[in-house]
Amino acid sequence: MRAPAPETVELDLRGLKCPLPALRTRKALKEAAAGTRLVVTCTDPMAVIDIPHLAHETGAALEERTVAEGLLTFILRKPG
C-alpha cells in the first residue's frame, strides 16, 4: 500500500507588504502536516530575504525560488 501524496498548500500573498508574507507563511507552516508542500506567491521585494530566512528558522526546506517580472514564488516543504 502506498503512502498518500503529501498535501500542497498554495498561498497567494500578492499585494501584501512586509512583514505579512512571512507571517502568513509561518502560520501556514505551523498549521500544515509534516511533509506538506507550500507554494508561496508574493510581490513584496523583501520576501526574497524574509521567506528563505523563515525556512531556515523553522527547518523547512526551500525547494525552489523563482523571480519573474516582480512575482516571487517559493516552494517550501514542512519538515517531518
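Residues numbered from 1 in each chain as written. Predicted model: local features only at pLDDT ≥ 70, side-chain atom pairs only at ≥ 80, totals over all residues. Heavy atoms only, no water.

(A) Looking closely at the overall build of the protein. When you go through the protein residue by residue, the secondary structure sums to two helices and four strands. The helix and strand sequence of the protein, counted from the amino end, reads β-α-β-α-β-β. Taking 80 residues into account, the globule formula puts the C-alpha radius of gyration at 12 Å, and the protein, at 12 Å, falls close to it. For the protein, the spread of C-alpha atoms along the three principal axes comes to 45 × 25 × 15 Å. The proportion of buried residues among the 80 residues of the protein is 36%. Across the protein, the fraction of contacts at a sequence separation of at least 24, relative to all contacts at a separation of at least 6, is 67%. Roughly 5200 Å² of accessible area belongs to the protein as shown, and the carbon and sulfur atoms make up 56% of that amount. Here the protein carries 11 positive and 10 negative side-chain charges, and the mean point of each set is 4 Å from the other. (Helix = DSSP H or I, 4+ residues; strand = E, 2+ residues; numbered from the N terminus. Rg over C-alpha atoms; globule rule 2.2 N^0.38 Å. Buried < 20%, exposed > 50% of the residue type's maximum accessible area, 1.4 Å probe, protein only. Contact = heavy atoms within 4.5 Å. Areas by Shrake-Rupley, 256 points an atom, 1.4 Å probe, with all protein chains shown as cover. Lys, Arg positive; Asp, Glu negative; His and termini not counted. Charge placed at Lys NZ, Arg CZ, Asp CG, Glu CD.)

(B) Structural context of unusual backbone geometry. The linkage connecting Cys18 with the following residue, Pro19, adopts the cis geometry, with an omega of 10°. Along the chain, the position of Pro19 falls in the loop between strand E1 (8-13) and helix H1 (20-31). The phi dihedral of Glu69 is positive, around 55°, even though this residue is not glycine.

(C) Quick peek at the nonpolar core. Counting residues in hydrophobic clusters, the biggest one holds 16 residues, and the most contacted among them are Leu11, Leu13, Leu38, Val40, Cys42, Phe74 and Leu76. When neighbours within four sequence positions are excluded, Phe74 is seen to be in contact with Leu38, Val39, Val40, Cys42, Ala47, Val48, Ile51, Pro52, Leu62, Glu64 and Arg65. (Core = buried A, V, L, I, M, F, W, Y, C linked by side-chain atoms within 4.5 Å.)

(D) Quick peek at helix H2 (residues 47-58). In this model, H2 (12 residues) spans 16 Å end to end at C-alpha, consistent with the 16 Å of a helix rising 1.5 Å per residue. On its buried face, H2 is in contact with H1, strand E2 (37-42), strand E3 (61-68) and strand E4 (71-77). In the segment just after H2, Gly59 is the residue with positive phi, at about 85°. (Expected span 1.5 Å × (residues − 1).)

(E) Representation of the packing of H1 against H2 within the structure. Closest axis-to-axis distance for the H1/H2 pair is 9 Å, and the angle between their directions is 30°. It follows from the interaxial angle that H1 and H2 lie roughly parallel. Relative to H2, the crossing made by H1 is right-handed. Together, Pro21, Ala22, Thr25, Arg26 and Leu29 of H1 and Asp50, Ile51, Leu54, Glu57 and Thr58 of H2 make up the contact between the two elements. Classifying every residue of the contact of H1 with H2 gives five nonpolar, two polar and three charged. (Axes fitted to C-alpha atoms, helices over the stretch in contact; angles between N-to-C directions. Parallel < 35°, antiparallel > 145°, perpendicular 65-115°, else oblique. Left-handed = near helix turned anticlockwise from the far one by under 90°. Nonpolar A, V, L, I, M, F, W, Y, C, P; charged D, E, K, R; others polar.)

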